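# Summary of the model geometry
Here is what each chain is made of, one letter per residue.
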Amino acid sequence: MTPPAQNAIAILLVEPNPGDARLFTESFADASIASDVHTVTDGEAALEFVHQRGEYADTPRPDLILLDLQLPGTSGEAVLSELKSEPALRSIPVIVLTSSDSEEDIARSYELHANAYLQKPVDPEEFVDLVRSFEEFWLTFVRLPGDGDGA
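Residues numbered from 1 in each chain as written. Predicted model: local features only at pLDDT ≥ 70, side-chain atom pairs only at ≥ 80, totals over all residues. Heavy atoms only, no water.

The next thing to look at is the overall build of the protein chain. A tally of regular secondary structure across the protein chain gives five helices and five strands. Within the protein chain, the proportion of its 151 residues that are buried is 42%. Within the protein chain, contacts between residues at least 6 apart in sequence are counted, and of these 66% link residues at least 24 apart. Of the roughly 8000 Å² that the protein chain leaves accessible, carbon and sulfur atoms contribute 49%. (Helix = DSSP H or I, 4+ residues; strand = E, 2+ residues; numbered from the N terminus. Buried < 20%, exposed > 50% of the residue type's maximum accessible area, 1.4 Å probe, protein only. Contact = heavy atoms within 4.5 Å. Areas by Shrake-Rupley, 256 points an atom, 1.4 Å probe, with all protein chains shown as cover.)

Before going further, it helps to examine the nonpolar core. Formed by 23 residues in total, the largest nonpolar core has its most connected members in Val14, Val40, Ile65 and Leu67. Those elements that provide at least two residues to this core are β1 (9-14), α2 (43-50), β3 (64-67), α3 (76-85) and β4 (94-98). Ranked by the residues each element gives to this core, the list is headed by α2, at five residues. Residues contacting Leu67, with those up to four places away along its chain left out, are Val14, Gly76, Val79, Leu80, Val94, Ile95, Val96 and Leu97. Counting 18 residues, the second largest nonpolar core, distinct from the first, contains Phe28, Val37, Leu97 and Leu130. (Core = buried A, V, L, I, M, F, W, Y, C linked by side-chain atoms within 4.5 Å.)

As for its placement among the helices and strands, Val128 is situated in helix α5 (residues 124-141). Along the chain, Val128 and Asp30 lie 98 residues apart, while their C-alpha atoms are 7.7 Å from each other.

Taken in spatial order, the five strands line up as β2-β1-β3-β4-β5 in an open sheet, and their pairing is parallel. Two strands bound the open sheet, and with one partner strand each, they are β2 (35-40) and β5 (116-119). Strand-to-strand twist across the sheet, computed as the mean angle between neighbouring axes with direction ignored, equals 20°. Taken strand by strand, helix α4 (residues 103-111) contacts β4 and β5, and its axis lies near 155° from that of β5. (Pairing = 2+ DSSP bridges. Axes fitted to C-alpha atoms, helices over the stretch in contact; angles between N-to-C directions.)

If you want it as structure tokens, here you go:
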């Protein structure tokens, strides 16, 4: 993880595959996104992180969560359900980012109030393109909770 950039947004990447996690973090760095990416590999760690419990007690609350559905232990669906059912957490945008193209997974994610559903690209170059598109939309045009300057 690189040091946080000034005015960086805190992104929680919930990704069990180390190769995919590396591609995401490298793609964010290549796209020059002012972000502080924190990676966890399972659903339980994701919930500990967002609740700032245990080893994550001193971590920032994420501004945005990228969530894989296929997680060991606590499923991505269960994480999404908990995030969107808790008033203190439901305003955090959650983007489901998974290899599944199942219509059932897509429908269920939106039923649980995911903010978007993206299928992971297979090609590394497509990862970079996805991150650039992600940066353009989510980090340039979309206003995230707490990103105002208070003026």
